[in-house]
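Survey of secondary and tertiary structure
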Amino acid sequence: MNTYRGDSKPPGIGTFLLRKIYDDDLFDDVSGDLQEIYSNKVLTHGRILASAFYLIDVVLSVRNYDLKSRKKITQNNSIPMFKNYLKITLRNISKNKIYSGLNIIGLALGMAACLFILQYVSYERSYDKFHENHEDLYRVRYKVYRNGELNIDCAAAVPRVGPFMKEKMPEVRAFARAYPTSGVVTYKETKFREERMHIADPDFLKIFTFPLIEGDVETALAEPNTVVISETAAKKYFGNTDPIGKMMNVDGEHSVSVTAVAKDVPNNSHIKFDFLISYETLNNQTRNDDGSSSSETAWGWYDFNTYVLLEPGTDIADYDTRFAEYLWDERGETFEKYNFKAEFPLQPITDIHLYSNLLQESEPEEQGDGDAVFFLTIIAFFILLIAWINYVNLSTARSIERAKEVGIRKTMGAYRKQLIYQFISESFILNLIAMILGLGIVVLGIKNFNQLTDSQLSLQFLLDPVFWIVLVAIFITGSVFSGLYPAFILSSYKPVSVLKGRLSAGRSGNYLRRILVVFQFAASITLIAGTIVVYQQLGHMKALDLGFDMTETLVVKGPDVFGADSLYESTVETFRNELLKNPEIGQITASSNVPGDEIFWTNGIKKHTEGRDSYKIIYNVGIDYNYFPAYDIEILAGRNYGPTFTTDTGSLILNEAAIPYLGFESAEEAINQKVTFWGQPKTIVGIVDNYNQMSAKAEVSPIAFPLVLRASSYYTLKLKGDNYQSALEKVQAEYNGFFPGNPFDYFFLDEFFNRQYNNEQKFSRVFTLFAGFAIIVACLGLFGLSSFSALQRTKEIGIRKAIGANIRNIVFLLSREFVILVLIANVIAWPAVYFIMDNWLNNFANRIVIGLPVFLFSGVLVILIAIMTVGYKTVLTARSNPVNALRYE
């Protein structure tokens, strides 16, 4: 057998050439390789041939080096290299199925959760951005101050402000008003009550992007008694017939001609409509003797959503300041006379859905929550970060196991850079598999997600280039982030130490893994505790004594056409008496509003002895004699209206909030005091409890309850017994008999009132879902770490069992470290939970106080989950045969 001859020296001329060609670093590299080849050839071919081959190799070696940059030239072997990396990765996955599976599942769940949240957040943030001019479109707010205090902050402005802005402000390219209304719409035999109806300026369809299927944007709303209908409304009333030019009737009084059909309004619009009636129609109805219209000139009728389209780049702060000066010139004398001040600041339409909670919002039950969207964005990246941390933890935990692989590769000539590429490539491949699985989870689960969160997401996002950019960014970021640290750790091992078995787990690596585990569970505890707080607050609001009874309460929408009928009062009284003959019906009351219905009707009120500058705005609910008894609203002082009190047309009942508002010391003091209301003197005859007209989220506002026997907006019926369907059928029969031609629309008050909590319910469901995602992903990592920890301590466990340790001792030994880490996570998470959720709760007028049970429950829950996660593997290890454990390795 040939042996290597260490004294074989290659020809000096070859070595001389190498020194001339290469610098010192490359010379050592190249000459070492060529000398080894030369020595082998001496043994096989003899010195003469070996010397000849050596000189040839010296000359040809130049092919492999860039002499200018003094670097070795590497051939483009990216495809074979990638195949090699892929093969090694798949072998590792096959060899370590559990750890690879935990990594892939954790990353897939993390990516799926992140994608779900980002799509939800993207949808919430997309409101009104489909308008071509959305960056320059603003809504005009209406704010009224009295005595320096904000009295009104409203989404709807007055009709005069739009034209006035157009006259005074050169930045205004166009304006449009939309006056919300409702009514019974009839076409031939088809009749429905329509709620999504607006009276709109001609420029409404020009400044907003609501495309028309038929009709002309320029003329659709230009003439009086014309209407633009949505695609859905067109099919509803006309079927496949062309609606253009057809006459429709509104409330039995107004005939309007269809001039255009618009595409259905997208779901992500803050203003929705099925009918747009021309503004000139309203002008004709409000025409004064002098030819002017209140709907054009009024400064006090604040029911008009007003929008302005500005020149690009307008400074809004400067705009508001200059307009305030013009407004003072126009209205300053009135402001001083009546001791109030009005402002009309602009609000970007893209902020309305998430960051506006004003009076008279267009779709109040659909308003979003900017804080909730922000929290969900943070949660998305927390869950993804937890998944990436799992990868880092499991990769570094297995570093000892892969150390020999690194040592052998380095011994065979692998550079550290190549090893780094290898491990990062593994990360890329695992993240790629996880990304595909995560995307599959999103595609398959989007319907369930929509049902759970009451969302409108669709798979259209797959066609959006932005989505793929975000997905690729997440993939690359995750691959680099999760792969870089393990790659540097694993590639740093010294082959001599590894192959001699002198490598052990580094203390710094253990510390890092512990820190990452603490972070994972601190994030999970924060999410769980936050979810508990959200549910507690929602339950608190629903359980709160609202001051009225809404159980077994049926509300029927009143007839629109009878409001001006002289026989209306007697008709309603007969209708009431007929219904009360039914033993399933207890009480009946008619009113302008019901609890949960936002009050748009306001008036000025003051003490009768005060001057005109003391007027304050107060909400009005028109009621009959039965309103307070039917709703079981407590009368704190005074009395209710009654048919035996002939002077009640000059009487007034207030709620308790109106007492300090008007300057009275107590309810008793206010009784029999005179106030000026509707411009007429009224005597306060009763004070009722502060029941919640709107949800418990807001403070109770001052409300006046004038006696309005002609109130026709709602009929409230208190039902008795359990057979609601029978009672409903009888009510409908009587209603159709007394009010023929009016659609029978009804709702149950508890459902109607609780719709105000839809946002909180949606938020709680989303919070719960992704808190679950976070804890599952964290537990996958914990399971992997505990399994590997048990594997590393197999021999120790065998020795302990051999000397008498029982299963309980072993389980305690293996679980103790992880339980301590979760306890530390609790200590870190609790202050964060309190700070974040306490700030969130400050948005509610009626809020809970975050108590210790919230923290204890979330902490104990996570500890139990951690113990069960760790305990499964530790029990299996503790129950294993100590003989097999002692033979391990």
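What you see is a predicted model; the values in this text were computed from it and never measured.

Criteria and thresholds
- Residues numbered from 1 in each chain as written.
- Predicted model: local features only at pLDDT ≥ 70, side-chain atom pairs only at ≥ 80, totals over all residues.
- Heavy atoms only, no water.
- Helix = DSSP H or I, 4+ residues; strand = E, 2+ residues; numbered from the N terminus.
- Buried < 20%, exposed > 50% of the residue type's maximum accessible area, 1.4 Å probe, protein only.
- Contact = heavy atoms within 4.5 Å.
- Areas by Shrake-Rupley, 256 points an atom, 1.4 Å probe, with all protein chains shown as cover.
- Expected span 1.5 Å × (residues − 1).
- Pairing = 2+ DSSP bridges.
- Axes fitted to C-alpha atoms, helices over the stretch in contact; angles between N-to-C directions.
- Polar contact = N/O pair within 3.5 Å; in protein donor to acceptor, adjacent residues only side chain to side chain.
- Phe/Tyr/Trp six-rings, centres within 6.5 Å; stacked < 30°, edge-to-face > 60°.
- Lys NZ or Arg CZ within 6 Å of the ring centre and 35° of its normal.

What follows concerns the overall build of the chain. Scanning the chain from terminus to terminus reveals 29 helices and 26 strands. Counting across all 889 residues of the chain, residues that qualify as buried make up 50%. Intrachain contacts of the chain at a sequence separation of at least 6 include 79% that bridge at least 24 residues. Only carbon and sulfur atoms are counted for the fraction: they give 56% of the accessible area of the chain, which is about 41,600 Å².

Compared with an ideal rise of 1.5 Å per residue, which puts 29 residues at 42 Å, helix H5 (residues 97–125) spans 41 Å between its outermost C-alpha atoms and is within 8% of the ideal. Counting buried positions over the 29 residues of H5 gives 23, a clear majority of the element.

Pairing within the open sheet is antiparallel, and its three strands lie in the order E5-E4-E14. The sheet is open, and its two borders are formed by strand E5 (149–154) and strand E14 (341–343), each paired with just one other strand. Strand-to-strand twist of the sheet, defined as the mean angle between neighbouring strand axes without regard to direction, takes the value 20°. As judged from the three bridges shared by strand E4 (residues 142–146) and E14, these two strands associate in the antiparallel manner. Following the sheet pairing, Val-144 is matched in E14 by Ala-342.

Moving on, we come to the side chain of Ser-269. Tracing the chain through its elements places Ser-269 in the loop between strand E11 (254–262) and strand E12 (275–278). Exposure remark for Ser-269: the relative accessible area of 1% places this residue in the buried category. Within polar-contact distance, the side chain of Ser-269 engages the backbone oxygen of Ile-271 at 2.6 Å. When neighbours within four sequence positions are excluded, Ser-269 is seen to be in contact with Tyr-127, Asp-128, Phe-130 and Phe-210.

Turning to its location among the elements, Asn-640 is positioned in the loop between strand E20 (635–638) and strand E21 (651–655). Not counting chain neighbours up to four residues away, the residues in contact with Asn-640 comprise Tyr-625, Phe-628, Pro-629, Ile-635, Phe-645 and Ile-653.

Attention now goes to the packing of aromatic side chains. The relation between two aromatic rings is expressed through the spacing of the ring centres and the mutual angle of the planes. As enumerated under the stated definition, the model contains 60 aromatic pairs in all. With a centroid separation of 5.8 Å and 75° between ring planes, the pair formed by Tyr-123 and Tyr-127 is classed as edge-to-face. Neither residue differs from the other here; Tyr-123 and Tyr-127 are each classed as buried. Taken together through their ring pairs, the aromatic side chains of Phe-575, Tyr-715, Tyr-724, Tyr-735, Phe-738, Phe-739, Phe-744, Tyr-746 and Phe-748 make up a single cluster. Above the plane of the ring of Tyr-615 lies Lys-606, whose end atom (NZ or CZ) is 5.5 Å from the centre. For the cation-ring pair, Arg-755 lies above Phe-752, with the distance from its terminal atom to the ring centre recorded as 4.1 Å.

The quantities given are spatial measurements derived from coordinates; they are silent on function.
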